[in-house]
Amino acid sequence: MNNDISQYTITSHAAMSQEFHTLIKHQDFLTVTFNQGRDSFITLILEVDPEQGTLVFDASSDQNINKKLTGSTKNIFSGSPRGVKTQFTTKSAQLFTYEGRPAFLTDFPDSLLRLQHREYFRVTSSVATPLFCNFTTHQGKKIRLVVDDLSVGGVGLLMAENEYPIGLREILQECHIDSKDFGTIRFNLDVRGFKPFTNTTTGVRMVKIGCSFTDISKQDQVRVQRAIVNLERAMISKLGKTL
């Protein structure tokens, strides 16, 4: 696996600088996780200095979170801008004022991971505490399905085979996912494909519905990022690991 991942790892400052400039241009959100995975917030890269090998990122609106980050020596940035998994780790960051607002200054990471394969950034919903997606079909039927996996680009939904008449490229309206951890995410879905399979526990024939987000606001994109972080934490906790 390490050999497979290495081909997607960027180590030159020039190449990383180009990636950071792209994140700035598109105002792509990243999640920075620290304090051994116990704290995180959504941020933006604000400025890059390739000559000094430094980058500036937006601070949290919570002063206590900012104080915790100033004491952190391992800060993990992750996100999936435009369907590309991006992840890198920096060391200590210094809080300062940037263009009249609080921000952090940190050194370039040693490397940056950039993956275009969906399987690397999709996060599976927990079986113990599943997420549900509620939506309305074009016939006006209200449906509630289990979310099998979640990414910044869309969701995978599960249903029993032939349970509901959902068609390819159908637009599912008034969709929302609710959770006490990250609130309500609202969007429409474009049905992109179906994958039949058999549930090995029950023997029931199932279908996984692959859907892409449409008409999703910036605020709800942030909520999706938060949901992914929560799911990643749950997966890590289940495996008995820490970031």
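For the structure, check the block above.
The helix and strand tally for the protein chain stands at 4 helices and 17 strands. A sequence separation of at least 24 residues applies to 59% of the contacts in the protein chain between residues at least 6 apart. Accessible surface for the protein chain amounts to roughly 13400 Å². Of this, 47% is attributable to carbon and sulfur atoms.

Quick look at helix H3 (residues 63-70) now. Among the residues of H3, those classed as buried are Ile-65, Asn-66 and Leu-69. For H3, the angular spread of the buried residues around the axis is 100°, confining them to a single face. Exposed side chains of H3 directed beyond 90 degrees from the buried face belong to Gln-63, Asn-64 and Lys-67. Turning to H3, the residues buried within the fold contact strand E2 (30-34), strand E3 (39-43), strand E5 (54-58), strand E6 (75-79), strand E8 (93-98) and strand E9 (101-107). Looking at where H3 begins, the residue whose side-chain oxygen comes 2.9 Å from the main-chain nitrogen of Asn-64 is Asp-62.

To continue, consider unusual backbone geometry. The backbone of Gln-27 shows a phi angle near 50°, a positive value even though the residue is not glycine. Note that Gln-27 resides in the loop between helix H2 (13-26) and E2. Residue Gln-27 is classed as exposed on the basis of its relative accessible area of 52%. Phi is positive for Asn-35, close to 55°, though the residue is something other than glycine. Considering the arrangement of structural elements, one finds Asn-35 in the loop between E2 and E3.

Each aromatic ring pair is described using two quantities: the centre-to-centre distance and the angle formed by the ring planes. Scanning the entire structure with this criterion turns up 8 aromatic pairs. Their ring planes at 20° and their centres at 5.2 Å tell us that Phe-57 and Phe-104 sit as a pair that is stacked. Within this pair, whereas Phe-57 is found in strand E5, its partner Phe-104 is found in strand E9, the two being separated by 47 residues in sequence. Side by side, Phe-57 and Phe-104 carry an identical accessibility label, which is buried.

This part covers the environment of Asn-199. With respect to the secondary-structure elements, Asn-199 resides in the loop between strand E16 (183-198) and strand E17 (205-214). Excluding residues that lie within four positions of it along the chain, Asn-199 makes contacts with Val-204 and Met-206.

Below, the discussion takes up the pairing of strand E7 (residues 85-90). Alignment of E6 against E7, held across 5 bridges, turns out to be antiparallel. Directly across from Asn-75, in E7, lies its bridge partner Thr-90. Relative to strand E10 (residues 112-115), E7 runs antiparallel, the two being bridged by 4 bridges. Paired with Phe-88 across the bridge in E10 is Leu-112.

In space, the 4 strands of this open sheet follow the order E4-E5-E9-E8, with antiparallel pairing throughout. The sheet terminates laterally at strand E4 (45-49) and E8, the two strands that pair on one side only. Here the strands of the sheet are splayed against their neighbours by 25° on average, with no regard to which way each runs. For E8 and E9, the ladder comprises 6 bridges, and the chain directions are antiparallel. Looking across to E9, one finds that Gln-94 is bridged to Leu-105. Packed on one face of the sheet, H2 meets E4 and E5 and runs near 150° to E4. Relative to the sheet, H3 contacts E5, E8 and E9, its axis offset from that of E8 by approximately 135°.

Rules and cut-offs
Residues numbered from 1 in each chain as written. Predicted model: local features only at pLDDT ≥ 70, side-chain atom pairs only at ≥ 80, totals over all residues. Heavy atoms only, no water. Helix = DSSP H or I, 4+ residues; strand = E, 2+ residues; numbered from the N terminus. Contact = heavy atoms within 4.5 Å. Areas by Shrake-Rupley, 256 points an atom, 1.4 Å probe, with all protein chains shown as cover. Buried < 20%, exposed > 50% of the residue type's maximum accessible area, 1.4 Å probe, protein only. Arc of directions from axis to C-beta. Polar contact = N/O pair within 3.5 Å; in protein donor to acceptor, adjacent residues only side chain to side chain. Phe/Tyr/Trp six-rings, centres within 6.5 Å; stacked < 30°, edge-to-face > 60°. Pairing = 2+ DSSP bridges. Axes fitted to C-alpha atoms, helices over the stretch in contact; angles between N-to-C directions.

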